[in-house]
Amino acid sequence: MLLLTRIVVVGFICLSLVSSGMGCGPGRGYGRRRHPKKLTPLAYKQFIPNVAEKTLGASGRYEGKITRNSERFKELTPNYNTDIIFKDEENTGADRLMTQRCKDKLNSLAISVMNQWPGVKLRVTEGWDEDGHHFEESLHYEGRAVDITTSDRDKSKYGTLSRLAVEAGFDWVYYESKAHIHCSVKAENSVAAKSGGCFPGSASVTLQDGRKKAVKDLRVGDKVMAADDGGSLIYTDFIMFIDQDSVTRRAFYVIETESDQKITLTAAHLLFLANNATDDSHAMTAVFASDVAPGQKVFVYDELQKRLESVTVKRIYMQEHQGSFAPVTVQGTIVVDQVLASCYAVIEDHNLAHWALAPVRLGYWLSALLFPGDHSQPNVTSQKDGVHWYSKILYQLGTWLLDSHSIHPLGMSIYSS
(Lines give C-alpha, C1' and ligand atoms only; values in the text may rest on other atoms or scores of the structure.)
Protein backbone atom coordinates (compact mmCIF):
# COMPACT_ATOMS: atom_id res chain seq x y z
CA MET A 1 0.00 0.00 0.00
CA LEU A 2 2.79 2.44 0.93
CA LEU A 3 4.58 1.77 -2.34
CA LEU A 4 1.41 2.41 -4.34
CA THR A 5 0.76 5.65 -2.48
CA ARG A 6 4.30 6.89 -3.12
CA ILE A 7 4.09 6.06 -6.81
CA VAL A 8 0.82 8.03 -7.12
CA VAL A 9 2.25 10.99 -5.19
CA VAL A 10 5.46 11.15 -7.24
CA GLY A 11 3.39 10.99 -10.42
CA PHE A 12 1.28 13.94 -9.32
CA ILE A 13 4.36 15.95 -8.38
CA CYS A 14 5.90 15.34 -11.80
CA LEU A 15 2.63 16.30 -13.48
CA SER A 16 2.48 19.48 -11.39
CA LEU A 17 6.03 20.45 -12.34
CA VAL A 18 5.36 19.81 -16.03
CA SER A 19 2.15 21.85 -15.98
CA SER A 20 3.95 24.67 -14.16
CA GLY A 21 6.66 24.67 -16.80
CA MET A 22 4.08 24.94 -19.56
CA GLY A 23 2.93 28.36 -18.43
CA CYS A 24 3.80 30.96 -21.05
CA GLY A 25 4.60 34.64 -20.66
CA PRO A 26 6.39 36.39 -17.81
CA GLY A 27 6.23 35.26 -14.21
CA ARG A 28 5.44 31.84 -12.79
CA GLY A 29 2.88 29.68 -14.56
CA TYR A 30 0.24 30.46 -17.14
CA GLY A 31 1.47 33.93 -18.02
CA ARG A 32 0.49 35.45 -14.70
CA ARG A 33 3.06 37.67 -12.99
CA ARG A 34 3.27 37.39 -9.23
CA HIS A 35 2.96 40.84 -7.70
CA PRO A 36 5.34 41.51 -4.81
CA LYS A 37 3.77 41.89 -1.41
CA LYS A 38 3.31 45.54 -0.47
CA LEU A 39 5.61 46.48 2.38
CA THR A 40 4.06 48.56 5.14
CA PRO A 41 6.78 50.56 6.95
CA LEU A 42 6.84 50.41 10.73
CA ALA A 43 5.96 53.61 12.55
CA TYR A 44 8.50 55.24 14.84
CA LYS A 45 8.59 53.38 18.20
CA GLN A 46 6.52 50.49 16.80
CA PHE A 47 7.67 46.93 17.49
CA ILE A 48 6.66 43.59 15.99
CA PRO A 49 5.40 41.33 17.43
CA ASN A 50 3.45 43.64 19.71
CA VAL A 51 4.78 42.11 22.94
CA ALA A 52 7.82 42.75 25.12
CA GLU A 53 11.12 41.64 23.60
CA LYS A 54 12.04 39.06 26.25
CA THR A 55 8.73 37.22 26.31
CA LEU A 56 7.90 33.86 24.79
CA GLY A 57 6.04 35.44 21.87
CA ALA A 58 9.11 37.43 20.82
CA SER A 59 12.80 36.68 21.39
CA GLY A 60 12.38 34.91 24.71
CA ARG A 61 14.08 35.29 28.05
CA TYR A 62 17.59 36.57 28.73
CA GLU A 63 19.89 33.60 29.32
CA GLY A 64 22.99 35.33 30.69
CA LYS A 65 25.88 37.44 29.48
CA ILE A 66 28.48 35.84 27.20
CA THR A 67 32.11 36.85 27.67
CA ARG A 68 35.20 35.78 25.76
CA ASN A 69 36.18 33.55 28.68
CA SER A 70 32.80 31.87 29.14
CA GLU A 71 31.86 28.40 27.94
CA ARG A 72 29.05 29.88 25.86
CA PHE A 73 31.43 32.03 23.79
CA LYS A 74 31.57 29.14 21.31
CA GLU A 75 27.88 29.82 20.58
CA LEU A 76 28.93 33.01 18.75
CA THR A 77 30.04 32.94 15.15
CA PRO A 78 31.66 35.76 13.13
CA ASN A 79 29.78 37.25 10.19
CA TYR A 80 32.09 38.19 7.29
CA ASN A 81 29.32 38.89 4.78
CA THR A 82 30.74 41.50 2.38
CA ASP A 83 27.22 42.78 1.68
CA ILE A 84 27.01 44.06 5.25
CA ILE A 85 28.94 47.01 6.66
CA PHE A 86 29.97 46.61 10.30
CA LYS A 87 30.71 49.84 12.15
CA ASP A 88 32.97 48.08 14.70
CA GLU A 89 33.70 51.18 16.83
CA GLU A 90 35.79 49.13 19.26
CA ASN A 91 38.02 47.66 16.50
CA THR A 92 37.70 44.27 18.20
CA GLY A 93 35.39 42.57 15.69
CA ALA A 94 32.78 42.24 18.43
CA ASP A 95 29.99 43.60 16.22
CA ARG A 96 30.58 40.73 13.80
CA LEU A 97 29.99 38.09 16.49
CA MET A 98 26.45 36.72 16.86
CA THR A 99 24.47 33.52 17.20
CA GLN A 100 23.90 31.44 14.09
CA ARG A 101 20.20 32.31 14.09
CA CYS A 102 20.98 36.02 14.21
CA LYS A 103 23.55 35.59 11.45
CA ASP A 104 21.06 33.76 9.21
CA LYS A 105 18.41 36.46 9.62
CA LEU A 106 20.93 39.26 9.11
CA ASN A 107 22.26 37.72 5.90
CA SER A 108 18.73 37.31 4.60
CA LEU A 109 17.99 40.95 5.41
CA ALA A 110 21.15 42.07 3.59
CA ILE A 111 19.82 40.56 0.37
CA SER A 112 16.43 42.24 0.85
CA VAL A 113 18.08 45.63 1.40
CA MET A 114 20.07 45.39 -1.83
CA ASN A 115 16.96 44.32 -3.73
CA GLN A 116 14.91 47.14 -2.24
CA TRP A 117 17.51 49.87 -2.80
CA PRO A 118 20.13 49.01 -5.46
CA GLY A 119 23.54 50.32 -4.45
CA VAL A 120 22.62 50.47 -0.75
CA LYS A 121 23.89 47.95 1.82
CA LEU A 122 22.84 46.92 5.29
CA ARG A 123 24.89 48.53 8.09
CA VAL A 124 25.31 47.14 11.61
CA THR A 125 26.12 49.71 14.29
CA GLU A 126 25.91 47.37 17.31
CA GLY A 127 26.16 43.60 17.62
CA TRP A 128 27.56 41.54 20.47
CA ASP A 129 28.48 43.82 23.39
CA GLU A 130 31.32 42.81 25.71
CA ASP A 131 31.82 46.24 27.26
CA GLY A 132 28.53 46.76 29.15
CA HIS A 133 27.27 49.65 27.05
CA HIS A 134 23.64 48.47 27.09
CA PHE A 135 21.00 48.16 29.77
CA GLU A 136 20.99 45.20 32.13
CA GLU A 137 19.97 41.89 30.53
CA SER A 138 20.26 43.27 26.99
CA LEU A 139 20.26 40.58 24.32
CA HIS A 140 23.32 42.34 22.84
CA TYR A 141 25.30 40.62 25.62
CA GLU A 142 24.33 37.23 24.16
CA GLY A 143 24.95 38.07 20.49
CA ARG A 144 21.21 37.80 19.86
CA ALA A 145 20.60 41.45 18.96
CA VAL A 146 21.81 43.94 16.36
CA ASP A 147 21.19 47.62 15.75
CA ILE A 148 21.00 48.42 12.05
CA THR A 149 20.75 51.24 9.51
CA THR A 150 21.23 51.51 5.78
CA SER A 151 24.70 52.32 4.45
CA ASP A 152 23.53 55.71 3.18
CA ARG A 153 22.02 56.51 6.62
CA ASP A 154 18.89 57.81 4.95
CA LYS A 155 16.42 58.00 7.84
CA SER A 156 13.46 58.02 5.45
CA LYS A 157 14.28 54.38 4.69
CA TYR A 158 14.24 53.16 8.30
CA GLY A 159 10.51 52.42 8.49
CA THR A 160 10.78 50.17 5.44
CA LEU A 161 14.04 48.71 6.75
CA SER A 162 12.15 47.69 9.88
CA ARG A 163 9.53 45.92 7.80
CA LEU A 164 12.22 44.14 5.78
CA ALA A 165 13.72 42.91 9.06
CA VAL A 166 10.35 41.49 10.07
CA GLU A 167 10.05 39.75 6.69
CA ALA A 168 13.60 38.40 7.04
CA GLY A 169 12.50 36.48 10.13
CA PHE A 170 13.88 38.40 13.09
CA ASP A 171 11.88 37.40 16.16
CA TRP A 172 11.50 40.99 17.42
CA VAL A 173 11.97 44.23 15.50
CA TYR A 174 11.78 47.67 17.12
CA TYR A 175 11.94 51.04 15.38
CA GLU A 176 13.72 52.15 18.52
CA SER A 177 15.46 55.36 17.52
CA LYS A 178 15.62 57.87 14.72
CA ALA A 179 19.21 56.69 14.37
CA HIS A 180 18.74 52.89 14.13
CA ILE A 181 16.49 49.85 14.17
CA HIS A 182 16.84 47.20 16.89
CA CYS A 183 16.40 43.54 15.96
CA SER A 184 16.75 40.39 18.05
CA VAL A 185 16.27 36.63 17.81
CA LYS A 186 15.41 33.71 20.04
CA ALA A 187 18.15 31.69 21.71
CA GLU A 188 19.40 28.76 19.65
CA ASN A 189 18.31 26.16 22.19
CA SER A 190 15.32 27.90 23.75
CA VAL A 191 11.77 26.65 23.70
CA ALA A 192 10.82 29.87 21.95
CA ALA A 193 13.11 29.08 19.01
CA LYS A 194 11.41 25.78 18.30
CA SER A 195 8.47 26.11 15.95
CA GLY A 196 6.55 23.76 13.76
CA GLY A 197 3.74 21.39 14.58
CA CYS A 198 0.26 22.80 14.71
CA PHE A 199 -1.72 21.84 17.81
CA PRO A 200 -0.63 20.47 21.19
CA GLY A 201 -1.38 16.78 21.59
CA SER A 202 -3.90 17.53 24.34
CA ALA A 203 -6.12 19.60 22.02
CA SER A 204 -9.41 17.84 21.34
CA VAL A 205 -11.54 17.14 18.28
CA THR A 206 -15.14 15.93 18.03
CA LEU A 207 -15.90 12.58 16.39
CA GLN A 208 -19.05 11.79 14.42
CA ASP A 209 -20.51 9.84 17.35
CA GLY A 210 -20.12 12.91 19.58
CA ARG A 211 -17.12 11.68 21.55
CA LYS A 212 -14.13 13.94 22.17
CA LYS A 213 -10.69 12.68 21.26
CA ALA A 214 -7.22 14.13 21.85
CA VAL A 215 -5.45 15.11 18.64
CA LYS A 216 -2.48 12.90 19.52
CA ASP A 217 -4.80 9.84 19.67
CA LEU A 218 -6.33 10.23 16.19
CA ARG A 219 -6.32 7.17 13.95
CA VAL A 220 -6.58 7.01 10.17
CA GLY A 221 -10.25 6.87 9.17
CA ASP A 222 -11.55 8.66 12.27
CA LYS A 223 -14.38 10.95 11.18
CA VAL A 224 -13.81 14.35 12.79
CA MET A 225 -15.83 17.56 12.81
CA ALA A 226 -14.82 20.04 10.11
CA ALA A 227 -16.44 22.51 7.71
CA ASP A 228 -17.04 22.45 3.97
CA ASP A 229 -16.27 25.27 1.54
CA GLY A 230 -19.52 27.00 2.46
CA GLY A 231 -18.85 26.93 6.19
CA SER A 232 -21.36 24.17 6.95
CA LEU A 233 -20.46 21.48 9.47
CA ILE A 234 -19.46 18.08 8.12
CA TYR A 235 -17.54 15.05 9.35
CA THR A 236 -14.46 14.18 7.35
CA ASP A 237 -11.83 11.44 7.46
CA PHE A 238 -8.56 11.98 9.27
CA ILE A 239 -5.76 10.95 6.87
CA MET A 240 -2.44 11.40 8.65
CA PHE A 241 -0.19 13.71 10.65
CA ILE A 242 1.88 15.79 8.28
CA ASP A 243 4.12 16.65 11.24
CA GLN A 244 4.26 15.18 14.72
CA ASP A 245 6.59 15.55 17.67
CA SER A 246 5.56 14.00 20.97
CA VAL A 247 8.58 15.22 22.96
CA THR A 248 9.68 18.79 22.18
CA ARG A 249 8.27 21.73 24.13
CA ARG A 250 7.13 24.57 21.89
CA ALA A 251 5.59 28.00 22.05
CA PHE A 252 1.91 28.18 21.08
CA TYR A 253 -0.53 31.03 20.57
CA VAL A 254 -3.69 30.76 22.65
CA ILE A 255 -6.59 32.58 20.99
CA GLU A 256 -9.46 33.10 23.41
CA THR A 257 -12.95 34.20 22.38
CA GLU A 258 -15.58 36.24 24.20
CA SER A 259 -17.56 33.02 24.70
CA ASP A 260 -14.48 31.52 26.44
CA GLN A 261 -13.45 28.99 23.78
CA LYS A 262 -9.70 28.72 23.38
CA ILE A 263 -7.74 27.31 20.48
CA THR A 264 -4.02 26.66 20.92
CA LEU A 265 -1.83 26.54 17.81
CA THR A 266 1.55 27.55 16.45
CA ALA A 267 2.27 30.94 14.90
CA ALA A 268 2.50 29.65 11.33
CA HIS A 269 -0.77 27.72 11.43
CA LEU A 270 -3.80 28.98 9.48
CA LEU A 271 -6.99 29.96 11.26
CA PHE A 272 -10.26 31.05 9.64
CA LEU A 273 -11.54 34.58 10.29
CA ALA A 274 -15.00 35.95 9.58
CA ASN A 275 -15.71 39.14 7.70
CA ASN A 276 -16.53 41.47 10.59
CA ALA A 277 -19.04 43.35 8.46
CA THR A 278 -21.12 40.37 7.36
CA ASP A 279 -20.21 37.42 9.66
CA ASP A 280 -20.85 35.29 6.59
CA SER A 281 -19.18 31.89 6.82
CA HIS A 282 -19.05 31.80 3.02
CA ALA A 283 -16.62 34.74 3.14
CA MET A 284 -14.18 33.34 5.68
CA THR A 285 -10.47 34.02 5.22
CA ALA A 286 -7.53 31.92 6.41
CA VAL A 287 -4.71 33.85 8.12
CA PHE A 288 -1.65 32.93 10.15
CA ALA A 289 -2.34 32.57 13.87
CA SER A 290 0.36 35.17 14.54
CA ASP A 291 -1.66 37.70 12.48
CA VAL A 292 -4.91 37.28 14.42
CA ALA A 293 -5.80 40.27 16.62
CA PRO A 294 -8.37 40.88 19.39
CA GLY A 295 -11.61 42.19 17.91
CA GLN A 296 -11.49 39.90 14.89
CA LYS A 297 -13.92 37.00 14.66
CA VAL A 298 -13.29 33.26 14.46
CA PHE A 299 -15.77 30.44 13.87
CA VAL A 300 -16.89 28.48 16.92
CA TYR A 301 -19.11 25.39 17.16
CA ASP A 302 -22.43 26.26 18.84
CA GLU A 303 -23.63 23.09 20.59
CA LEU A 304 -27.20 24.34 20.90
CA GLN A 305 -27.60 25.48 17.29
CA LYS A 306 -25.43 22.63 15.96
CA ARG A 307 -23.62 25.01 13.62
CA LEU A 308 -20.64 27.33 13.38
CA GLU A 309 -21.08 30.88 14.69
CA SER A 310 -18.67 33.79 14.42
CA VAL A 311 -17.38 34.93 17.81
CA THR A 312 -15.07 37.84 18.65
CA VAL A 313 -11.52 37.19 19.81
CA LYS A 314 -11.10 38.55 23.35
CA ARG A 315 -7.38 38.10 23.96
CA ILE A 316 -4.27 36.34 22.68
CA TYR A 317 -1.38 35.06 24.76
CA MET A 318 1.43 32.49 24.65
CA GLN A 319 1.81 29.11 26.34
CA GLU A 320 4.36 26.30 26.29
CA HIS A 321 3.25 22.74 25.59
CA GLN A 322 5.07 19.47 25.14
CA GLY A 323 4.28 17.76 21.88
CA SER A 324 2.80 19.10 18.66
CA PHE A 325 0.65 17.43 16.01
CA ALA A 326 -0.48 18.54 12.54
CA PRO A 327 -3.53 16.49 11.52
CA VAL A 328 -4.68 16.44 7.89
CA THR A 329 -8.26 15.62 6.88
CA VAL A 330 -9.86 14.94 3.52
CA GLN A 331 -11.68 18.28 3.72
CA GLY A 332 -8.58 20.25 4.72
CA THR A 333 -10.36 21.80 7.72
CA ILE A 334 -10.83 20.67 11.31
CA VAL A 335 -12.65 21.88 14.42
CA VAL A 336 -10.21 21.86 17.34
CA ASP A 337 -11.41 22.73 20.85
CA GLN A 338 -14.66 23.91 19.18
CA VAL A 339 -12.87 26.44 16.93
CA LEU A 340 -12.60 26.00 13.15
CA ALA A 341 -9.05 25.87 11.76
CA SER A 342 -7.29 24.94 8.56
CA CYS A 343 -5.23 21.75 8.49
CA TYR A 344 -2.39 23.69 6.90
CA ALA A 345 0.46 25.92 8.00
CA VAL A 346 3.53 27.79 6.73
CA ILE A 347 1.97 28.75 3.35
CA GLU A 348 -0.43 31.69 3.61
CA ASP A 349 -2.89 30.36 0.99
CA HIS A 350 -5.25 27.66 2.35
CA ASN A 351 -6.60 26.76 -1.10
CA LEU A 352 -3.13 26.38 -2.56
CA ALA A 353 -2.08 24.17 0.34
CA HIS A 354 -5.22 22.04 -0.06
CA TRP A 355 -4.55 21.62 -3.78
CA ALA A 356 -0.96 20.59 -3.02
CA LEU A 357 -2.20 17.79 -0.76
CA ALA A 358 -4.43 16.34 -3.51
CA PRO A 359 -2.03 13.41 -4.13
CA VAL A 360 -2.23 12.49 -0.45
CA ARG A 361 -6.03 12.41 -0.59
CA LEU A 362 -5.94 10.34 -3.76
CA GLY A 363 -3.51 7.90 -2.14
CA TYR A 364 -5.83 7.63 0.87
CA TRP A 365 -8.87 6.94 -1.30
CA LEU A 366 -7.02 4.32 -3.35
CA SER A 367 -5.75 2.72 -0.18
CA ALA A 368 -9.27 2.61 1.29
CA LEU A 369 -10.60 1.11 -1.97
CA LEU A 370 -7.90 -1.51 -2.45
CA PHE A 371 -7.17 -2.32 1.20
CA PRO A 372 -10.40 -1.56 3.09
CA GLY A 373 -9.41 -3.74 6.05
CA ASP A 374 -6.37 -1.65 6.86
CA HIS A 375 -8.40 1.26 8.22
CA SER A 376 -10.11 -0.92 10.78
CA GLN A 377 -6.83 -1.67 12.54
CA PRO A 378 -6.56 0.19 15.87
CA ASN A 379 -2.98 1.43 15.45
CA VAL A 380 -2.97 2.14 11.74
CA THR A 381 -1.40 5.58 12.16
CA SER A 382 1.66 4.50 14.10
CA GLN A 383 3.75 7.30 12.53
CA LYS A 384 7.18 8.06 13.84
CA ASP A 385 7.91 11.55 15.11
CA GLY A 386 9.05 13.98 12.45
CA VAL A 387 7.88 15.81 9.36
CA HIS A 388 6.20 13.62 6.73
CA TRP A 389 8.37 13.06 3.66
CA TYR A 390 5.72 14.52 1.32
CA SER A 391 5.56 17.69 3.38
CA LYS A 392 9.33 18.09 3.03
CA ILE A 393 9.01 17.80 -0.76
CA LEU A 394 6.24 20.41 -0.83
CA TYR A 395 8.27 22.81 1.31
CA GLN A 396 11.28 22.48 -0.98
CA LEU A 397 9.08 23.12 -4.03
CA GLY A 398 7.55 26.10 -2.24
CA THR A 399 10.94 27.70 -1.64
CA TRP A 400 11.66 27.39 -5.38
CA LEU A 401 8.29 28.47 -6.76
CA LEU A 402 6.92 30.96 -4.21
CA ASP A 403 8.27 34.29 -3.08
CA SER A 404 9.48 34.50 0.52
CA HIS A 405 6.48 36.60 1.57
CA SER A 406 4.19 33.61 0.96
CA ILE A 407 5.96 31.52 3.60
CA HIS A 408 5.72 32.25 7.31
CA PRO A 409 9.20 33.08 8.71
CA LEU A 410 8.69 30.87 11.78
CA GLY A 411 7.46 28.05 9.60
CA MET A 412 10.79 27.79 7.80
CA SER A 413 12.55 26.27 10.78
CA ILE A 414 10.11 23.37 10.80
CA TYR A 415 12.06 21.69 8.07
CA SER A 416 15.54 22.78 8.92
CA SER A 417 16.03 20.30 11.72
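Residues numbered from 1 in each chain as written. Predicted model: local features only at pLDDT ≥ 70, side-chain atom pairs only at ≥ 80, totals over all residues. Heavy atoms only, no water.

1. Regarding the overall build of the protein chain
Looking only at helices and strands, one finds six helices and 20 strands in the protein chain. Within the protein chain, buried positions represent 50% of all 417 residues. Relative to all contacts within the protein chain whose residues are 6 or more apart in sequence, the contacts with residues 24 or more apart total 65%. Accessible surface computed for the protein chain: about 19600 Å², of which carbon and sulfur atoms make up 52%. (Helix = DSSP H or I, 4+ residues; strand = E, 2+ residues; numbered from the N terminus. Buried < 20%, exposed > 50% of the residue type's maximum accessible area, 1.4 Å probe, protein only. Contact = heavy atoms within 4.5 Å. Areas by Shrake-Rupley, 256 points an atom, 1.4 Å probe, with all protein chains shown as cover.)

2. Side note on the packing of helix α2 (residues 100–116) against helix α3 (residues 158–168)
Where α2 meets α3, the closest approach of the two axes is 9 Å, and the angle between their N-to-C directions is 135°. On the basis of the axis angle, α2 is oblique to α3. Pair α2 / α3 crosses with right-handed handedness. Residues Lys105, Ser108, Leu109, Ser112, Val113 and Gln116 of α2 form the contact with α3, whose participating residues are Thr160, Leu161, Leu164, Ala165 and Ala168. Looking at the contact of α2 with α3 residue by residue, the classes come out as six nonpolar, four polar and one charged. (Axes fitted to C-alpha atoms, helices over the stretch in contact; angles between N-to-C directions. Parallel < 35°, antiparallel > 145°, perpendicular 65-115°, else oblique. Left-handed = near helix turned anticlockwise from the far one by under 90°. Nonpolar A, V, L, I, M, F, W, Y, C, P; charged D, E, K, R; others polar.)

3. Some remarks on the sheet that holds strand β1 (residues 47–48)
Pairing within the open sheet is mixed, and its six strands lie in the order β1-β7-β8-β6-β5-β3. Of all strands in the sheet, those bounded by a partner on one side alone are β1 and β3 (84–86). This element, α3, spans β1, β5 (122–126), β6 (145–150), β7 (172–174) and β8 (181–184) of the sheet and lies at about 135° to β6. (Pairing = 2+ DSSP bridges.)

4. Notes on α3
When you tally the buried positions in α3, you get 10 out of 11 residues, the bulk of the element. Turning to α3, its buried residues are Tyr158, Gly159, Thr160, Leu161, Ser162, Arg163, Leu164, Ala165, Val166 and Ala168. Turning to α3, the residues buried within the fold contact β1, α2, β5, β6, β7 and β8. Two residues or fewer after α3 comes Gly169, characterised by a positive phi angle close to 105°.

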